[in-house]
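Report on the structure
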Amino acid sequence: MTKIDIVSGFLGAGKTTLIKKLLAEAFPGEKLVLIENEFGEISIDGGFLKESGVQISEMSAGCICCSLVGDFHKALKDVEAQFHPDRILIEPSGVGKLSDVIVAVQNTADETDDMKLNSFVTVADATKVKVYMKNFGEFYNNQIESAGTIILSRTQKMSQEKLEAAVSMLREKNPDATILTTPWDQLDGKTILAAIEKVSLADELLEKMRAEHAADEAEHEHEHHHHEHEHDHDEHGHHHDHDHEEHEHHHDHDDHEHHHDHDHECDDPNCSCHHHHHHADEVFTSWGKETPKVFNQADIERILTALDSGDYGKILRAKGIVNGEGGKWIEFDFVPEEHEVRAGHPDYTGRLCVIGAELKENKLAELFGL
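**Looking at the side chain of Thr182**
Take Thr182: it is sitting in the loop between strand E7 (178-180) and helix H7 (189-197). Only 3.1 Å separates the side chain of Thr182 from the backbone oxygen of Tyr348, close enough to count as a polar contact. With residues near it in sequence (within four places) discarded, Thr182 still touches Thr155, Leu187, Trp329, Pro346, Asp347, Tyr348 and Thr349.

Here it is as structure tokens:
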């Protein structure tokens, strides 16, 4: 299956630099084709790409939005047929509408079983958001509104205040996109790819909780079996079959979230295996935010202590990596009545997530100052 990634952005936003970084650091070993649609842009220099083993498929001149129907469709199919790449990167010209490119790619991908639209990114110069919105309205806003991820360039030159203002202008146009705010030179290409391919902190945290739960269960299972062997087997025969049926039944659903409810019938009154996080996805909700806001260690300590108060809901876990003072990053983890705050590595923007029951989202936003 060939993944198709679209990297759009106005002239001079830094698409070329981003693509070079991703090629060098995020896609090593992938067979990759770059399709660029030139429109008075200096093309990425061919020599560099050949060294990376990238084939260039030149398209005829003229901007994508004018020649979407014939050319573009054909170029994609030809590239797929000729190279069967792992990934096709499309760099539209700086003036097309991203929504048109997305539709064109999606239509082509729908006709074939071996291509899928993986991501659509807009690279935006953070220092020009305001002026571009004002001067290039529709075209610029279309790139912002249509993006799954907005990758800001030149953020290192901005004051915190201006950066936060730019992010909130972008947020008005696009409430859901991941917005990358960290200067690229502090990030590895793989971290940028994670922002593009969107693994949310909540998903990471729930996955971790499931893994821990499974490990607890396995350990318990082990103790339980061990305990069984010391008794006469007949006594437990029926019990065992029943357990087996339950397993069969649940695997039909092929849905690992639901394995929580076939814990063995455990006789031990102190056993928490039934009551651990039962049906994690049904009972618990997650609240998360992404923000370039700067926190200091004392803020985070105060916030995490407050999570134990019960005023914000029943908090089970919280995790985050946020901007600290002086370019440092702060990472934190919270479980009830216990938390850890430590120095962290730069992420694509500050991210935080709280998981629990009956979460009071407005109060949480207020607590974190968001």
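**Brief notes about unusual backbone geometry**
Non-glycine residue His84 carries a positive phi angle of around 40°. With respect to the element layout, His84 can be found in the loop between helix H3 (64-83) and strand E4 (87-91). The exposure class of His84 is exposed, given its relative accessible area of 53%. With a phi close to 65°, Glu337 is a non-glycine residue in the positive phi region. Topologically, Glu337 is positioned in the loop between strand E10 (329-335) and strand E11 (338-344). According to the relative accessible area criterion, Glu337 is exposed, its value standing at 74%.

**Looking at the sheet that holds strand E8 (residues 285-291)**
Taking strand neighbours across the sheet as the criterion, the five strands line up as E8-E12-E9-E10-E11 in an open arrangement whose pairing is antiparallel. Looking at the sheet topology across the chains shown, the edges are occupied by E8 and E11. Pairwise comparison of adjacent strand axes, ignoring direction, gives a mean angle of 10° for this sheet. Inspection of the sheet shows E8 paired to strand E12 (residues 350-357) by seven bridges, in the antiparallel sense. Each residue of the ladder has a partner; that of Gly288, found in E12, is Cys353.

**A look at the confidence of the model for the chain**
With 74% of its residues at a pLDDT of 70 or more, the chain shows a mean pLDDT of 78. In this model residues 60-70 is a low-confidence stretch, pLDDT under 50, and it forms 21 contacts with partners more than four residues away in sequence or in other chains.

**Digging into the packing of helix H5 (residues 129-146) against helix H6 (residues 160-173)**
Remark: H5 packs on H6, axes separated minimally by 11 Å, with the N-to-C direction vectors making an angle of 40°. Between H5 and H6, the angle falls in the class oblique. Between H5 and H6 the crossing geometry is right-handed. Across the interface between the two elements, Val129, Lys130, Met133, Asn141, Ile144 and Glu145 of H5 pack against Ala166, Met169, Leu170 and Lys173 of H6. Across the contact of H5 with H6, the residue classes tally to six nonpolar, one polar and three charged.

**A look at the pattern of salt bridges**
Inspection of every chain in the model, using the stated rule, returns 17 salt bridges. Note that Arg87 and Glu30 form a salt bridge whose closest N and O atoms lie 2.7 Å from each other. Of the two residues, Arg87 is situated in strand E4 and Glu30 in the loop between helix H1 (15-25) and strand E2 (32-36); the sequence distance between them amounts to 57 residues. Of the residues examined, Glu30 reaches a relative accessible area of 28% and is grouped as partly exposed. In this structure, Arg342 engages Glu331 in a salt bridge whose closest nitrogen and oxygen atoms are separated by 3.3 Å. Remark: Glu331 occurs in strand E10 and Arg342 occurs in strand E11; sequence separation between them is 11 residues. Judged by its relative accessible area of 26%, Arg342 falls in the partly exposed class. Among the charged side chains, a network of salt bridges with common partners joins Lys3, Asp5, Glu30, Arg87 and Glu197.

**Side note on the packing of helix H4 (residues 98-110) against H5**
It is at 7 Å that the axes of H4 and H5 come closest, and there the two elements cross at 50°. The pairing of H4 with H5 is recorded here as oblique in orientation. Two secondary-structure elements touch here, H4 through Leu98, Ser99 and Ile102 and H5 through Asn142, Gln143 and Ser146. Among the residues making up the contact of H4 with H5, the classes are represented as two nonpolar, four polar and no charged.

**Digging into the packing of aromatic side chains**
Within this structure, the stated rule accounts for seven aromatic pairs. Centre to centre, the rings of Phe10 and Tyr132 are 5.2 Å apart; their planes meet at 40°, and the pair counts as tilted. Separated by 122 residues along the polypeptide, Phe10 in the loop between strand E1 (2-9) and H1 and Tyr132 in helix H5 bring together distant segments of the chain. Of the two residues, Phe10 and Tyr132, both sit in the buried class. Geometrically, the ring pair formed by Phe10 and Tyr140 is edge-to-face, given 5.2 Å between the ring centres and 85° between the ring planes.

**What to know about the nonpolar core**
A general trend in soluble globular proteins is that nonpolar side chains are found buried together. In this structure, Ile90, Val105, Ile150 and Leu152 are the most contacted members of the largest nonpolar core, which totals 36 residues. Of all the elements, H4 adds the most residues to this core, at six residues. Setting aside residues no more than four positions away along its own chain, Val105 makes contact with Ile4, Ile6, Phe72, Leu76, Ile90 and Leu117.

**Re H4**
Between its first and last C-alpha, H4 extends 18 Å over 13 residues, near the 18 Å set by a 1.5 Å rise per residue. Of the positions making up H4, those classed as buried are Leu98, Val101, Ile102, Ala104, Val105, Thr108 and Ala109. The buried residues of H4 occupy one face: seen down the axis, they fall within an arc of 165°.

**Brief notes about the side chain of Thr108**
Relative to the elements of secondary structure, Thr108 occurs in helix H4. Under the relative-accessibility criterion, Thr108 is labelled buried at 0%. Among the polar contacts listed, one links the side chain of Thr108 to the backbone oxygen of Ala104, at a separation of 2.9 Å. Sequence-distant contacts of Thr108, defined by excluding residues within four places in its chain, comprise His73, Leu76, Lys77 and Met115.

Definitions and cut-offs
- Residues numbered from 1 in each chain as written.
- Predicted model: local features only at pLDDT ≥ 70, side-chain atom pairs only at ≥ 80, totals over all residues.
- Heavy atoms only, no water.
- Helix = DSSP H or I, 4+ residues; strand = E, 2+ residues; numbered from the N terminus.
- Polar contact = N/O pair within 3.5 Å; in protein donor to acceptor, adjacent residues only side chain to side chain.
- Contact = heavy atoms within 4.5 Å.
- Buried < 20%, exposed > 50% of the residue type's maximum accessible area, 1.4 Å probe, protein only.
- Pairing = 2+ DSSP bridges.
- Axes fitted to C-alpha atoms, helices over the stretch in contact; angles between N-to-C directions.
- pLDDT = per-residue confidence, 0-100.
- Parallel < 35°, antiparallel > 145°, perpendicular 65-115°, else oblique.
- Left-handed = near helix turned anticlockwise from the far one by under 90°.
- Nonpolar A, V, L, I, M, F, W, Y, C, P; charged D, E, K, R; others polar.
- Salt bridge = Lys/Arg side-chain N within 4 Å of Asp/Glu carboxyl O.
- Phe/Tyr/Trp six-rings, centres within 6.5 Å; stacked < 30°, edge-to-face > 60°.
- Core = buried A, V, L, I, M, F, W, Y, C linked by side-chain atoms within 4.5 Å.
- Expected span 1.5 Å × (residues − 1).
- Arc of directions from axis to C-beta.

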